[in-house]
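# Overview (structure and organization)
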Amino acid sequence: MSEIQRFGVTRRCSDAVVYNGVAQFVEVADDSSQDVRGQVTQVLAQIESRLALVGSDKTRLLQVLIYLADLQDGPVLNELWDNWVPEGHAPSRACVQCGLAPGYRVEMVISAAVR
Amino acid sequence: MSEIQRFGVTRRCSDAVVYNGVAQFVEVADDSSQDVRGQVTQVLAQIESRLALVGSDKTRLLQVLIYLADLQDGPVLNELWDNWVPEGHAPSRACVQCGLAPGYRVEMVISAAVR
Amino acid sequence: MSEIQRFGVTRRCSDAVVYNGVAQFVEVADDSSQDVRGQVTQVLAQIESRLALVGSDKTRLLQVLIYLADLQDGPVLNELWDNWVPEGHAPSRACVQCGLAPGYRVEMVISAAVR
């Protein structure tokens, strides 16, 4: 049985957890003062960095659950998302509207295969 | 390490992704003009088709996260669900109310073991 | 390939499902008449019991998705959570606001590695 690897562990949560060849992590924009376009751009860049850190990359995404503070932001999300996901490697994806912490426009829950 | 299998890949998402013996996918009703009863019926039928496609079946569901546009639809969901799930093989299940895209009453996030 | 283990199976759902060394389960407070502090306390205790039942413990949590009925309850959740999670073993965590069944203040979706 593989061991659990934790990255960026704080009192409250880990930035990423890897087990059995699968990485799980959650991202919100580091700078929540930006608008939805800025926040989605940040989150997608943060995902790429996190994937690199855990030994994965964006061709190995398994599933992404997207929480938007406002579904009206869907078109901006989709425009940035569609340009970001590598063709032929899109993950399973859900996108729903939930209440997020003040200022946040988007939160993503990611699972990815590690190499 | 197993390879990632993707089914029904578009620019935005895959209909299903299989890795390490686990399939992950998301379903909303193909015809969102129907009422909640019609949509839940469709989603459950779509899940069965998807499970067959990836080499699984409804005795092998692991977890289902259900997003309802309105929790008042819970009784209709549960009536159809309880008749659909094979006895003795029910998955772990969560059900919460979230904002869904216009017209949609239900969205389900499924994980299942493949054979 | 490992077999699927189900715990506490009812017509509608299983209390927990274990596959490939990973347990998945969902918890809401057994007594939903309590306030948020009481419900979070219960849910965390229920998680510990469930983890013991499936052959895991709270040092082996992988990811927890937290649904709050009201994000204003975040500080109470975090106070109890931070004291509950074993230092150095925090899981990946998301926390959003969703509609929950009447009376419920919190629902958690847990994945954990079994020993």
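Attention in this report is confined to the structure presented alongside it. The structure displayed is predicted, hence computed values, not measured ones.

## Observations concerning the overall build of chain A
Within chain A, the regular secondary structure consists of two helices and six strands. Reading the secondary structure of chain A in the N-to-C direction produces β-β-β-α-β-α-β-β. Counting only C-alpha atoms, chain A reaches 45 × 35 × 20 Å along its principal axes. Across the 115 residues of chain A, 58% fall into the buried class.

## So, the relation of the copies chain A and chain C
The operation relating the pair of chain copies consists of a rotation about an axis and a translation along that axis. Relative to chain C, chain A is turned by 120° and slid 0.0 Å along the rotation axis, the superposed coordinates differing by an RMSD of 0.0 Å. Expressed as a symmetry operation, the mapping of one chain copy onto the other fits a three-fold axis. The C-alpha atom lying nearest the rotation axis in chain A is that of cysteine 98 of chain A; the distance is 3.3 Å. Interface overlap between copies is the fraction of interface residues in one copy that are interface residues in the other; for chain A against chain C it is only 17%, indicating separate surfaces.

## With respect to the pattern of salt bridges
All names here are of chain A. Taken as a whole and judged by the stated rule, the model has 24 salt bridges over all chains. Its salt-bridge partner being glutamate 48, residue lysine 58 comes within 3.6 Å of it at the nearest N-O pair. Residue lysine 58 is found in the loop between helix H1 (36–54) and strand E4 (61–68), and its partner glutamate 48 is found in helix H1; the two are separated by 10 residues along the sequence. For lysine 58, a relative accessible area of 22% corresponds to the partly exposed category. One connected set of salt bridges, linked through shared partners, spans Asp15, Glu27 and Arg50.

## A few points about the interface of chain A and chain C
Taken residue by residue, the interface counts 24 residues in chain A and 31 residues in chain C. A combined buried area of about 2200 Å² lies between chain A and chain C, and 52% of that area is made up of carbon and sulfur atoms. Sorting the residues of chain A by area buried against chain C places Arg6, Arg11 and Arg12 of chain A first, and these three jointly supply 32% of that buried surface. Between chain A and chain C we count two salt bridges in total. Across the chain A-chain C interface, the total number found is 12 residue pairs in polar contact (both at pLDDT 80 or more). Among the secondary structure elements, those contributing two or more residues to the side of chain A that touches chain C are strand E1 (5–9), strand E2 (14–19), strand E3 (22–28), E4 and strand E6 (106–113) of chain A.

Conventions we followed
Residues numbered from 1 in each chain as written. Chains lettered and ligands numbered in written order. Predicted model: local features only at pLDDT ≥ 70, side-chain atom pairs only at ≥ 80, totals over all residues. Heavy atoms only, no water. Helix = DSSP H or I, 4+ residues; strand = E, 2+ residues; numbered from the N terminus. Buried < 20%, exposed > 50% of the residue type's maximum accessible area, 1.4 Å probe, protein only. Least-squares fit on C-alpha atoms with pLDDT ≥ 70 in both. Contact = heavy atoms within 4.5 Å. Salt bridge = Lys/Arg side-chain N within 4 Å of Asp/Glu carboxyl O. Buried area = accessible area lost by both parts, 1.4 Å probe. Polar contact = N/O pair within 3.5 Å; in protein donor to acceptor, adjacent residues only side chain to side chain.

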